[in-house]
Amino acid sequence: MEDVQGTGSLLDYFGQNYTALKQRLVRRLGNRELAGDALHDTWLRLNGACDIDAVRDPASYLTRMAVNIAIDVQRRNSRMLSGAEIDALLDGVADPAPEPARAFEVHSDLAGLMELLDRMPARRRAVALLVHAEGLTQKAAAQRLGVSLRTVEYELQKAHQRLAAYAAAHDGKK
């Protein structure tokens, strides 16, 4: 590397000493392509950087900067899966679309549950939907409906009994 004389920018120094910097980096990293990529990223980061006078040893500074960039790239790449790894993972994933018979069964179950809910008294249906569909606590459901917590607990218990009876009868048909 040549000595620094006069003022200028690190970018100027980088351009004048690119070959020597790349050789130094290849020796440190052991990979010519990674060294080239790291130097390119270093050049991009240097755009508008400080004057060369602010850096005591520009060659060491630029090499350290490029090595750090290369390490960041290697870390990012080590977290990525290869194409073969992705294919292996996808092979183990079941098809998210249900078979037509299963889709019909689920639709039929849902229709039966909706019919069961429709036949419940209005307050019981409201309690069940607030707690299970909207995710409210029993206390919050009681406040929203303007009833006591005990009433919500009672209505929820009765709704659960009806749903359990429906499920038991429905499982027997399968």
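Residues numbered from 1 in each chain as written. Predicted model: local features only at pLDDT ≥ 70, side-chain atom pairs only at ≥ 80, totals over all residues. Heavy atoms only, no water.

K.L.:
Could you clarify how one ought to interpret helix α3 (residues 32–46) in this entry?
P.N.:
Structurally, the α-helix is built with 3.6 residues per turn, so residues lying three or four positions apart point the same way. Relative to the 21 Å expected for 15 residues at 1.5 Å per residue, α3 spans 21 Å between its end C-alpha atoms, a close match to the ideal helical length. Every buried residue of α3 is accounted for by Leu34, Ala35, Gly36, Ala38, Leu39, Thr42 and Leu46. At the N-terminal boundary of α3, the capping side chain belongs to Asn31, with an oxygen 2.9 Å from the backbone nitrogen of Glu33. (Helix = DSSP H or I, 4+ residues; strand = E, 2+ residues; numbered from the N terminus. Expected span 1.5 Å × (residues − 1). Buried < 20%, exposed > 50% of the residue type's maximum accessible area, 1.4 Å probe, protein only. Polar contact = N/O pair within 3.5 Å; in protein donor to acceptor, adjacent residues only side chain to side chain.)

K.L.:
In this structure, what is going on with the confidence of the model for the chain? I would like to understand it.
P.N.:
Low-confidence regions, as indicated by low pLDDT, have predicted coordinates that should not be scrutinised in detail. Here the chain shows a mean pLDDT of 78. Residues at 70 or above account for 74%. Model confidence for the chain, summarised as mean pLDDT per element, is weakest for helix α5 (residues 83–91) at 64 and strongest for helix α8 (residues 138–145) at 93. (pLDDT = per-residue confidence, 0-100.)

K.L.:
Please clarify how the nonpolar core should be interpreted in this entry.
P.N.:
One broad trend across soluble globular proteins is that nonpolar side chains are buried collectively. By size, the foremost hydrophobic cluster in this structure holds 20 residues, and its most contacted members are Phe14, Leu25, Ala38, Leu39, Leu46 and Leu62. Every element with two or more residues in this core is listed here: α1 (10–16), α2 (18–29), α3 and α4 (58–78). Sort the elements by how many residues they give to this core and α4 lands first, with eight residues. Leaving out residues up to four positions away in the same chain, Phe14 has contacts with Leu21, Leu39, Thr42, Trp43, Leu46 and Leu62. Within the second largest apolar cluster, seven residues are counted, among which are Leu130, Val131, Ala141 and Leu156. (Core = buried A, V, L, I, M, F, W, Y, C linked by side-chain atoms within 4.5 Å. Contact = heavy atoms within 4.5 Å.)

K.L.:
Just to check I follow, could you spell out the pattern of salt bridges for this structure?
P.N.:
For side chains of opposite charge, pairing can occur when their charged atoms come near one another. Overall, the coordinates contain five salt bridges when judged by the stated rule. Among the ionic pairs, Arg144 bridges to Glu134, the shortest N-O distance being 2.9 Å. Here Arg144, found in helix α8, pairs with Glu134, found in the loop between α7 (122–133) and α8; they are 10 residues apart in sequence, far enough to count as distant. Judged by its relative accessible area of 49%, Glu134 is partly exposed. (Salt bridge = Lys/Arg side-chain N within 4 Å of Asp/Glu carboxyl O.)

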